[in-house]
Amino acid sequence: MKGVVLAGGTGSRLYPLTKVTNKHLLPVYDKPMIYYPLQTLTEAGIKDILLVSGRGHVGHFLELLGSGSEFGVRISYEIQKDAGGIAQALGLAQRFAGQDSVMVILGDNIFQDNVGDAARSFRSGAMIFLKPVPDAHRFGVAEVDEVNGRVVSIEEKPARPRSSYAVTGLYIYDSEVFDIISSLKPSARGELEITDVNNEYLRRGRLSYSILNGYWSDAGTFESLYRASELVREHRLGAGQGMIPADVKPVITL
């Protein structure tokens, strides 16, 4: 299995912090944001990683991360020339992935869980990672049949969510994902949507899921960037209203 970190986008919601740099290079507590998705992949045992970013920022990532040898991995780079959506960015990884499966993570998503077991048990199809949240209407929402362990439906930001399970920015796909992406049509906002990819796997009966136990946050707005730093700090120091036990292993070891 190979890893893909999607770190493109304009970062418009974080302007002017992103006026001169990519949002994924901003700090989350005491590390650059991009370290966190790399940590998720390396903890899952993935050693070969592709980082996809927009024009103008790949050099910044290269200067920070280099070849990846410092972290015990090999990092390659790809440029997404236009903001064509998450699925379009993933499509750029086809040559890198070859016939291997890929674990895909959005560069502004921060996870506490070690997902190595899920990676090792994956065989084919697709897997999404879910987290119960109190405000599910803000996210893609998955309805699941927990008795039979299958996904029933996925809706994007529904007004009346059928469950509390948000679809996080972490996915595993087999190599068929690239054929699916090539068949997609742009959404109303002119992008190739990752929800359409997941729904196609669902239509084929090949979509599974894993429910996360630890915290999860994106860091794409001022509030979520601040909250992500709080979560990491609480976890590192064992502080924060008793939310996280002091003996929990720190989430960041890079």
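Residues numbered from 1 in each chain as written. Predicted model: local features only at pLDDT ≥ 70, side-chain atom pairs only at ≥ 80, totals over all residues. Heavy atoms only, no water.

Trainee: Describe the nonpolar core, listing the residues and the values that go with them.
Mentor: Counting residues in each nonpolar core, the largest one holds 36 residues, and the members touching the most others are Val-4, Leu-90, Ile-128, Tyr-173 and Val-197. Residue contacts for Leu-90: discarding those within four places in its chain leaves Val-4, Leu-6, Val-104, Tyr-173, Val-177, Phe-178, Ile-181 and Ile-194. Counting residues in hydrophobic clusters, the runner-up holds 34 residues, among them Tyr-35, Ala-44, Ile-49 and Ala-119. (Core = buried A, V, L, I, M, F, W, Y, C linked by side-chain atoms within 4.5 Å. Buried < 20%, exposed > 50% of the residue type's maximum accessible area, 1.4 Å probe, protein only. Contact = heavy atoms within 4.5 Å.)

Trainee: Can you explain the packing of aromatic side chains? Please cite residues and give values.
Mentor: In the structure shown here, the tally under the stated rule is four aromatic pairs. With centroids separated by 5.4 Å and ring planes inclined at 75°, the aromatic side chains of Tyr-35 and Phe-71 adopt a geometry described as edge-to-face. Of this pair, Tyr-35 sits in helix H1 (residues 35-43) while Phe-71 sits in the loop between helix H2 (58-65) and strand S5 (74-80), and the two are 36 residues apart along the sequence. For Phe-71, a relative accessible area of 13% puts it in the buried group. Judged by centre distance (5.9 Å) and plane angle (20°), the rings of Tyr-171 and Tyr-173 are stacked. On the basis of relative accessible area, Tyr-173 is assigned to the buried category, the value being 0%. Among the aromatic residues, ring-to-ring pairing joins Tyr-171, Tyr-173 and Tyr-201 into one connected group. Of note, Lys-2 hangs over the ring of Phe-96, and the distance from its end group to the ring centre comes to 5.1 Å. (Phe/Tyr/Trp six-rings, centres within 6.5 Å; stacked < 30°, edge-to-face > 60°. Helix = DSSP H or I, 4+ residues; strand = E, 2+ residues; numbered from the N terminus. Lys NZ or Arg CZ within 6 Å of the ring centre and 35° of its normal.)

Trainee: Residue-level account of the environment of Phe-111, with values.
Mentor: Structurally, Phe-111 can be placed in strand S7 (residues 109-111). Distance in space between the C-alpha atoms of Phe-111 and Leu-231 is 10.0 Å, their sequence separation being 120 residues.

Trainee: Give me the lowdown on the pattern of salt bridges, citing residues and values where you can.
Mentor: Applying the stated rule across the entire model yields 18 salt bridges. Among the ionic pairs, Asp-117 bridges to Arg-120, the shortest N-O distance being 2.8 Å. Of this pair, Asp-117 and Arg-120 both sit in helix H5 (residues 116-121), separated by three residues, roughly a single helical turn. Both residues of the pair, Asp-117 and Arg-120, count as exposed. (Salt bridge = Lys/Arg side-chain N within 4 Å of Asp/Glu carboxyl O.)

Trainee: Can you explain unusual backbone geometry? Please cite residues and give values.
Mentor: Residue Tyr-15 is joined to Pro-16 through a cis peptide bond whose omega torsion reads 10°. Assignment of secondary structure puts Pro-16 in the loop between strand S1 (2-7) and strand S2 (27-28). The backbone of Tyr-29 sits at a positive phi, close to 55°, despite the residue not being glycine. Inspection of the secondary structure assignment puts Tyr-29 in the loop between S2 and strand S3 (31-32). Look at Lys-157: it is not a glycine, yet its phi comes out positive at around 50°. Of note, Lys-157 is situated in the loop between strand S10 (150-156) and strand S11 (165-173). Classification of Lys-157 by relative accessible area gives exposed; the value is 54%.

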